[in-house]
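One-letter residues, chain by chain:
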Amino acid sequence: MNSLRNSVRLVGNLGMDPEVKVYDTDKKMVRLSIATNETYKNDKGEKVTDTQWHSLVFWGMQAKLAEDFLKKGDEVAIEGKLTNRSYTDKEGIKRYVSEVVVNEFLKMGRN
């Protein structure tokens, strides 16, 4: 049950090509965004699609695989954990970010 404490699973489409960064220690990181859609009918019976965007971070071997095999538009299923961090931008304003650190992913579809 410990693995359920901070577990995120999403299925959606990638909104960008992998953004790759390599740090001094040769540690690789990849950033991606994923769009998830929820469809429902509103009070008038009209079909409404609600799209949510999520930031993804891949490290190590997962980053290498993401860099090699994923591209904008791909449908993927991911599993990871939700993380929150803050940073100060160039204007000195403190910003807060929520991201999913991906443990595993599966490219779906025929591509």
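- The protein goes by Single-stranded DNA-binding protein in an unreviewed UniProt entry, where it is assigned to Mucilaginibacter oryzae.
- The UniProt entry for the protein carries this comment under Subunit (unreviewed entry): "Homotetramer."

## Describing the side chain of Glu99
Then, number 1: Within the secondary structure, Glu99 is located in strand 6 (residues 94–107).
Then, number 2: At 2.5 Å, the side chain of Glu99 and the side chain of Arg31 are in polar contact.
Then, number 3: When near neighbours in sequence (up to four residues on either side) are disregarded, Glu99 contacts Arg31, Ser55, Val57, Lys81, Leu82, Thr83 and Arg85.

## Looking at the environment of Ala63
Then, number 1: As for its position among the elements, Ala63 is in helix 1 (residues 60–69).
Then, number 2: Using a relative accessible area of 0% as the deciding quantity, one classes Ala63 as buried.
Then, number 3: Here the alpha-carbon distance between Ala63 and Lys27, two residues 36 residues apart in the chain, equals 9.4 Å.
Then, number 4: Apart from the residues within four sequence positions on either side, Ala63 is in contact with Lys28, Met29, Val30 and Phe58.

## Description of the side chain of Arg31
Then, number 1: Checked against the element boundaries, Arg31 lands in strand 3 (residues 28–41).
Then, number 2: If sequence neighbours within four positions are ignored, Arg31 has contacts with Met16, Asp17, Pro18, Glu19, Leu56, Val57, Arg85 and Glu99.

## Brief notes about the pattern of salt bridges
When the charged atoms of two side chains with opposite charge come close together, those side chains can pair.
Then, number 1: The tally for this structure, following the rule as stated, stands at seven salt bridges.
Then, number 2: For Asp68, the salt bridge goes to Lys64, with nearest N and O atoms at 2.9 Å. Note that Asp68 and Lys64 are positioned in helix 1 at a spacing of four residues, about one turn of the helix.
Then, number 3: Of the residues examined, Lys64 reaches a relative accessible area of 36% and is grouped as partly exposed.
Then, number 4: Here the salt bridges share partners, and the residues they tie into one network are Arg31, Arg85 and Glu99.

## Remarks on the pairing of strand 2 (residues 19–22)
Then, number 1: Looking at chain direction, strand 2 and strand 3 are connected through four bridges and run antiparallel. What sits directly across from Lys21, in strand 3, is Met29.

## Some words on unusual backbone geometry
Then, number 1: Of note in this structure, Asp26 is not a glycine but carries a positive phi near 65 degrees.
Then, number 2: Relative to the helices and strands, Asp26 is located in the loop between strand 2 and strand 3.

Reading the values: rules and limits
Residues numbered from 1 in each chain as written. Predicted model: local features only at pLDDT ≥ 70, side-chain atom pairs only at ≥ 80, totals over all residues. Heavy atoms only, no water. UniProt positions renumbered as here; feature names shortened; annotations may be inferred. Helix = DSSP H or I, 4+ residues; strand = E, 2+ residues; numbered from the N terminus. Polar contact = N/O pair within 3.5 Å; in protein donor to acceptor, adjacent residues only side chain to side chain. Contact = heavy atoms within 4.5 Å. Buried < 20%, exposed > 50% of the residue type's maximum accessible area, 1.4 Å probe, protein only. Salt bridge = Lys/Arg side-chain N within 4 Å of Asp/Glu carboxyl O. Pairing = 2+ DSSP bridges.

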